[in-house]
Every structure is written in C-alpha cells, then in structure tokens.
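# Notes for the structure review
Each chain, written out:
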Amino acid sequence: MSDDKKDDYQVGYGKPPKHSQFKKGHSGNPKGRPKGTQNFATDLREELRERITLKENGQIKSVTKQRGMIKSAVNNGIQGNAGAARLVMEWVKDFVEEVEQGDIEGSLTREDEELFNLLMGRALSHQTAQTAAEGTAAEDDDDS
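No experiment lies behind these values; they were computed from the predicted model shown. (Residues numbered from 1 in each chain as written. Predicted model: local features only at pLDDT ≥ 70, side-chain atom pairs only at ≥ 80, totals over all residues. Heavy atoms only, no water.)

Turning our eyes to something else, we now look at the overall build of the protein. When you go through the protein residue by residue, the secondary structure sums to 5 helices and 2 strands. Taken from N to C terminus, the helices and strands of the protein fall in the order α-α-β-β-α-α-α. Split into buried and exposed, the 144 residues of the protein put 10% on the buried side. Excluding contacts between residues fewer than 6 apart, the proportion of contacts in the protein whose partners are at least 24 apart in sequence is 25%. Here the protein displays about 12300 Å² of accessible surface, and carbon together with sulfur accounts for 51% of that area. (Helix = DSSP H or I, 4+ residues; strand = E, 2+ residues; numbered from the N terminus. Buried < 20%, exposed > 50% of the residue type's maximum accessible area, 1.4 Å probe, protein only. Contact = heavy atoms within 4.5 Å. Areas by Shrake-Rupley, 256 points an atom, 1.4 Å probe, with all protein chains shown as cover.)

Here it is in structure tokens:
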C-alpha cells in the first residue's frame, strides 16, 4: 500500500519532485545573511546620527540630521504647515504616552506644554480654515 502512495504523488505547482525538496534539518539558505550586513534600522540610525551644519539666528551650528529634521518640522508647523504640525503633535503624543507609561524618564515642562498648545491651536485653526474654504468652493460649484 505504501508503494501506491508514492505513485499517487503528482509533481506540479507547489509540489516539487521529492529528490529536489529540502531535506529535513538542512537550511535552504546555508550561508545565511553575510556578517556585517546591516538592516534598515541600523542604516537609518546611522544616517540620522550624521552631523550637518545649519545656520540659525546668524550662527552656524553643527547638529545631527535627526535634530535638523525635528527643527524643520517644528518650524514648519509653527508657520502654519498643517502636515508638519500634525507630525510634531504625533511625536509629542507618543512622547507623553511613553513618559506616562514610565518607558522613558522625564516629563513635559511648562514650555513644552505651551509649545504643544500653540502648535495644536495653529493646526486646528488652519484645518478649520481649510475645511471652510473647501465648503465655500463646493457651494460655489453647486451654484453654477
């Protein structure tokens, strides 16, 4: 009866010939990932730690790319860029949650809370104005 089962095996899609299947206990990738090859997280971490020079208030400063991106997002959010403000608010929300859960030490200072409220106010007012403008445009289209 075991001979019948061997004869019933049909080679096809998803069913390679028995002789070419991986043997139990042997990897299909015996060499694996080469040592020293970095993953995305390592590459990103290294890239964000690289230093760049910025001109701020007439002075040249050397900061990490990460710090530069944060400065840029915060400044754009303060200037009314709703997307940047939303991104910064998400970062702040995540930070506050981590502090409350005890994942990281520290808390928001009074200045941090004021900045948070300022950015939230600007983002909400910009979003309200944008929604009102879209509503007015829709009404104008209906009148045509």
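Another point: a negative patch on the surface. A contiguous patch of negative charge on the surface is contributed by D94, E97, E98 and E100. Within the element layout of this structure, E98 appears in helix α4 (residues 82-101). Assessed through its relative accessible area of 34%, E98 is described here as partly exposed. (Patch = residues over 30% accessible without salt bridge, like charges linked within 9 Å, V, L, I, M, F, W, Y side chains within 5 Å. Salt bridge = Lys/Arg side-chain N within 4 Å of Asp/Glu carboxyl O. Lys, Arg positive; Asp, Glu negative; His and termini not counted. Charge placed at Lys NZ, Arg CZ, Asp CG, Glu CD.)

Taken together, the side chains of I70, L87 and W91 make up a nonpolar region of the molecular surface, amounting to roughly 250 Å² of accessible area. Along the chain, L87 falls in helix α4.

For Q130, the location among the structural elements is in helix α5 (residues 110-143). Remark: the alpha-carbon pair of Q130 and A82, spanning 48 residues in sequence, is separated by 9.8 Å.

Bringing the packing of aromatic side chains into the picture now. All told, the structure shown has 0 aromatic pairs when counted by the stated rule. The side chain of K18 reaches across the aromatic face of Y9, ending 4.5 Å from its centre. (Phe/Tyr/Trp six-rings, centres within 6.5 Å; stacked < 30°, edge-to-face > 60°. Lys NZ or Arg CZ within 6 Å of the ring centre and 35° of its normal.)

In regular strands, side chains alternate between the two faces of the sheet. Relative to strand β2 (residues 59-64), strand β1 (residues 51-56) is paired through 6 bridges, and the arrangement is antiparallel. By the bridge assignment for β2, L54 is matched with K61. Two successive antiparallel strands, β1 and β2, enclose a turn made up of 2 residues, where N57 displays a positive phi of approximately 55 degrees. (Pairing = 2+ DSSP bridges.)

A word on the nonpolar core. Membership of the largest hydrophobic core is limited to 6 residues, which are A73, V74, V88, M89, V92 and L119. Among the elements of the structure, α3 (65-78) and α4 are those that each provide at least two residues to this core. The element best represented in this core is α4, accounting for 3 residues. (Core = buried A, V, L, I, M, F, W, Y, C linked by side-chain atoms within 4.5 Å.)

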